[in-house]
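Residue-level structure breakdown
Take a look at the letters that make up each chain.
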Amino acid sequence: MKTVLIVLIAFAALGTAAAFAYRYMLPADQDTDNPSQVAPAGKDDDDVTDPDGKGPNEPASEPTVKVMIDTDGDGLTNDEEQAAGTDVTKPDTDSDLLGDREEVQVYDTDPLRVDTDGDSFADGQEVRAGYNPNGPGKILELPSE
Ligand SMILES: [Ca+2]
Ligand SMILES: [Ca+2]
Ligand SMILES: [Ca+2]
């Protein structure tokens, strides 16, 4: 009976000692862990705000990607040239000395035909001589040069 009591006391003492040691060591572990955990947490917050700062810029740049591109610099955008059937790399697709933009937007001539009105004079020749490249007669309104 006495030995049982001693063992019980010993167990109790050991238990409290172990609990004490555990309690004493746990805060120590948390203290060493906390600083290393707080620091990354702070960096994570910075990382979260940084993408947020870049986030609005990237979607905003996507609509502006649809910039008017004029590869040959003739005044017609590539989209407009595709619609007109002209070559986006040639400012004068049919080489009639009249630029694609002037044919499409000014004279309403065929940018793919050298002689739109079929009078044997090239569109550009007619314009330079003051004639209407899209029919008989002279041009009343000359493009300002
Ligand atoms: Ca063009
Ligand atoms: Ca032309
Ligand atoms: Ca002609």
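Quick note: structure is the one above.
1. Here we look at the overall build of the protein chain
Each helix and strand counted, the protein chain has four helices and zero strands in total. N-terminal to C-terminal, the α/β element order of the protein chain is α-α-α-α. The contacts in the protein chain between residues at least 6 apart in sequence include a share of 28% that link residues at least 24 apart.

2. Considerations on the environment of Glu103
Examined against the element boundaries, Glu103 turns out to sit in helix H3 (residues 100–106). Expressed as a C-alpha distance, the spacing of Glu103 and Pro133, which sit 30 residues apart in the sequence, is 9.1 Å. When near neighbours in sequence (up to four residues on either side) are disregarded, Glu103 contacts Leu98, Thr109, Asp110, Pro111 and Asp123.

3. Side note on the environment of Asp110
With respect to the element layout, Asp110 can be found in the loop between H3 and helix H4 (123–129). The exposure class of Asp110 is buried, given the 20 C-beta atoms found within 10 Å. As for Asp110 and Thr86, which are separated by 24 residues in sequence, their C-alpha atoms are 9.7 Å apart. Once you skip the residues sitting within four places of it in the chain, Asp110 turns out to touch Glu103 and Thr116.

4. Describing unusual backbone geometry
Look at Ser95: it is not a glycine, yet its phi comes out positive at around 55 degrees. Inspection of the secondary structure assignment puts Ser95 in the loop between helix H2 (78–84) and H3. The backbone phi angle of Ser120 is positive, close to 75 degrees, even though this residue is not glycine. Relative to the helices and strands, Ser120 is located in the loop between H3 and H4. Overall, the presence of 7 C-beta atoms within 10 Å leaves Ser120 in the exposed class.

5. Digging into the environment of Ala122
Tracing the chain through its elements places Ala122 in the loop between H3 and H4. Assessed through the 19 C-beta atoms surrounding it within 10 Å, Ala122 is described here as partly exposed. Taking the C-alpha atoms as reference points, Ala122 and Asp94, 28 residues apart in sequence, are found 9.9 Å from one another. Leaving out residues up to four positions away in the same chain, Ala122 has contacts with Asp96, Leu97, Val114 and Asp115.

Thresholds, definitions, all that
- Residues numbered from 1 in each chain as written.
- Chains lettered and ligands numbered in written order.
- Predicted model: local features only at pLDDT ≥ 70, side-chain atom pairs only at ≥ 80, totals over all residues.
- Helix = DSSP H or I, 4+ residues; strand = E, 2+ residues; numbered from the N terminus.
- Contact = placed C-beta atoms within 7 Å.
- Buried ≥ 20, exposed ≤ 12 C-beta atoms within 10 Å, placed from the backbone.

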